[in-house]
Amino acid sequence: MTAQANTDNLRITLDTVRDREFLDSWAELEVIGATPAGGVERQAATVEDGQMREWFSQWLRDRGFTVEVDRVGNLFGLFEFHAGAPYVLVGSHLDSQPRGGRFDGAYGVLAGAVAADRIRRQAAESGVAPIYNIAVVDWFNEEGSRFKPSLMGSAVFTGAADLEDTLNITDQDGITVREALTAINSIGETDVFPDGDVARRLAAYAEIHIEQGRELEKNDVAIGLVDRTWAANKYELNVIGAQGHTGATAIDDRQDALLGASLIVVALRDIADEFGEELHTSCGQLTVLPNSPVVVPREVHMHLDLRSDNDELLAAADAALRKRIAEAEIRAKVRVEHHKAHVWPGHRYQPQGVELARAAADDLGVSSMLVQTRAGHDSTNMKEIVPSVMLFVPSVEGISHAEAEYTADEDLCTGVDLLTETLARMLDGALDSATANRAR
Ligand code: HGY
Ligand code: MN
Ligand code: MN
């Protein structure tokens, strides 16, 4: 009886020590850019993002990682077991939405760093190094709130976006990405993985994230194995009308840009209702000019998106949206300009990665299930160039991009444990037979 009790106590103590590695660092991290209502605000390359990057760089250096920043502000912590060997990369993003949640992105970066550090220490203690080197990454501007589009750092890293074009993108105040990164001292002069072809320097990529949906919670499952990402069609529109007097201008004479934009916002919801659960639509941002109480707006700048796992349905929704935009132009007497769109296709994650993570979860006695991601992640880009594993932990009520976003400590710690196990297997070559999507 006593022996049994002692064993249980010992197990609890060991688990607690292991969990505290993550939770103590998490407690330091989550207060950077904290908002009074329990969220965070760390938009890309703001002062708060800079403070976070400094904190994270120090965390990495304290544990023996070398910190490097590439030409688009992606921040890497590198640890070499064998000089010149390829790396397995793990990470996510430390930037947030305005009044965003504490967990979106930041959890994955710290979880990846703690997992990498555990493996580093275990190798030092046992004297047995894995085959590959390990690197942790904070991708620059995943969120795309201050600078559009989203997934910016990983898009340049994987060759999906041009470096110079990206550095010249401006925020609403006309500040470029280059200027903003320089202001927080977070822009490198060279690539971290030079030679032009990053895929040759990397063996694989792993990312863990909160689910931002309800599937895991509904099914009482600890880990989501992401096998597919929904496609996204993002649109940037300029609705052009004519400025007038809200009281004096005859209704028939008005070219009200806000009316045109509003018709498009309502059309998005109508299209979602018509197409059903397989389609998500939204308008997240409207900039109204001149935005003055007694002035009929002359122009509205808007960002909207359509997302689905079904390519045909997405194409039909795109056609329906274009028809409704044409109708809005006639009704509101406005002209709609289509600016650069951001599109990513729906694609599978490498099945070998899904199976690897499933086996690791089974071996740890952790419940898991297949899930799709409706949100974009940096792994959406990375899986195109290297075999990539994407894991989810539960989100309470699926709330995300909001201050009420929440995941329990126990779920966070289970995720770190599974990520560590999965990463250790990837570092020993478990995904060597898998190929990048782009190589197919
Ligand atoms: O889903 C998104 O658009 C964001 O990049 N996470
Ligand atoms: Mn995220
Ligand atoms: Mn996000």
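In every chain, residue numbers begin from 1 and rise along the written sequence. Written order decides the labels, with chains lettered from A and ligands numbered from 1. The predicted nature of this model means local features are confined to residues of pLDDT at least 70 and side-chain atom pairs, given and counted, to a pLDDT of 80 or more, with totals for whole chains, interfaces and linings taken over all residues. Calculated side-chain values reflect all of the structure's heavy atoms, with hydrogen atoms and water omitted.

### So, the overall build of the protein
Of regular secondary structure, the protein possesses 13 helices and 15 strands. Here the globule rule is a power law, 2.2 Å times the number of residues to the power 0.38, and the radius of gyration is based on C-alpha atoms. For a compact globule of 440 residues, the expected C-alpha radius of gyration is about 22 Å, and the protein comes in at 23 Å, within 12% of that figure. Across its three principal directions, the C-alpha atoms of the protein cover 85 × 50 × 50 Å. Across the 440 residues that make up the protein, the buried fraction comes to 53%. Contact between two residues is taken to exist if any of their heavy atoms lie within 4.5 Å; hydrogens are not considered. Partitioning the contacts of the protein with sequence separation of at least 6, the portion at a separation of at least 24 is 79%. All accessibility values rest on the Shrake-Rupley procedure with a 1.4 Å probe; residue burial counts only the protein chains present in the view. A total of about 19,200 Å² of accessible surface is found on the protein, and carbon and sulfur atoms cover 49% of it. A residue counts as positive if it is Lys or Arg and as negative if it is Asp or Glu; His and the chain ends are not included. A charged residue contributes its charge at one atom only: NZ of Lys, CZ of Arg, CG of Asp or CD of Glu. Averaging the positions of the 40 positive and the 71 negative side-chain charges in the protein gives two centres separated by 3 Å. Strands here are runs of E lasting at least two residues and helices are runs of H or I lasting at least four, both read from the DSSP assignment and numbered beginning at the N terminus. Per-residue accessibility, obtained with a 1.4 Å probe over protein chains only, is compared with the maximum for each type, and a residue is labelled buried under 20%, exposed over 50%, and partly exposed between these values.

### Examining the sheet that holds strand E11 (residues 299–308)
Within the open sheet, the four strands sit side by side as E9-E11-E7-E12. Their pairing is antiparallel. What marks the edges here is a single partner per strand, and that holds for strand E9 (279–289) and strand E12 (335–344). Adjacent strand axes in the sheet meet at a mean angle of 15°, parallel and antiparallel pairs treated alike. Only when DSSP finds a minimum of two bridges between them are two strands counted as paired. For E9 and E11, the ladder comprises ten bridges, and the chain directions are antiparallel. Note on method: axes are straight lines fitted to C-alpha atoms, helices fitted across the in-contact stretch only, with angles between N-to-C directions ranging 0 to 180 degrees.

### Describing the side chain of arginine 118
Examined against the element boundaries, arginine 118 turns out to sit in helix H3 (residues 106–126). Within 3.5 Å is the distance limit for a polar contact, defined as a pair of N or O atoms, with the added protein rule that one can donate a hydrogen and the other accept it, and that residues adjacent in sequence qualify only through two side-chain atoms. Reaching out from arginine 118, the side chain makes a polar contact with the side chain of aspartate 417 at a distance of 2.8 Å.

### Topic: unusual backbone geometry
Residues lysine 148 and proline 149 are joined by a peptide bond in cis, for which omega reads 0°. Structurally, the position occupied by proline 149 is in the loop between strand E4 (133–138) and helix H4 (152–157). Between leucine 289 and proline 290 the backbone carries a cis peptide bond, its omega angle lying at 5°. Along the chain, proline 290 turns up in the loop between E9 and strand E10 (295–296). The backbone of histidine 401 shows a phi angle near 55°, a positive value even though the residue is not glycine. Residue classification places histidine 401 among the partly exposed positions, given a relative accessible area of 42%.

### With respect to the nonpolar core
Among buried residues, those of type Ala, Val, Leu, Ile, Met, Phe, Trp, Tyr and Cys that are joined through side-chain atoms within 4.5 Å constitute a nonpolar core. If you look at the biggest cluster of nonpolar residues, it comprises 59 residues, and the most contacted ones within it are Phe22, Trp26, Phe56, Tyr107, Leu391 and Leu423. The element that contributes the greatest number of residues to this core is H3, accounting for eleven residues. Apart from the residues lying within four places of it in its own chain, the contact partners of tyrosine 107 are Phe22, Trp26, Ile208, His209, Ile210, Val393, Asp411, Leu412, Gly415 and Val416. In this structure, Leu237, Leu313, Ala328 and Val334 belong to the second largest nonpolar core, which totals 25 residues.

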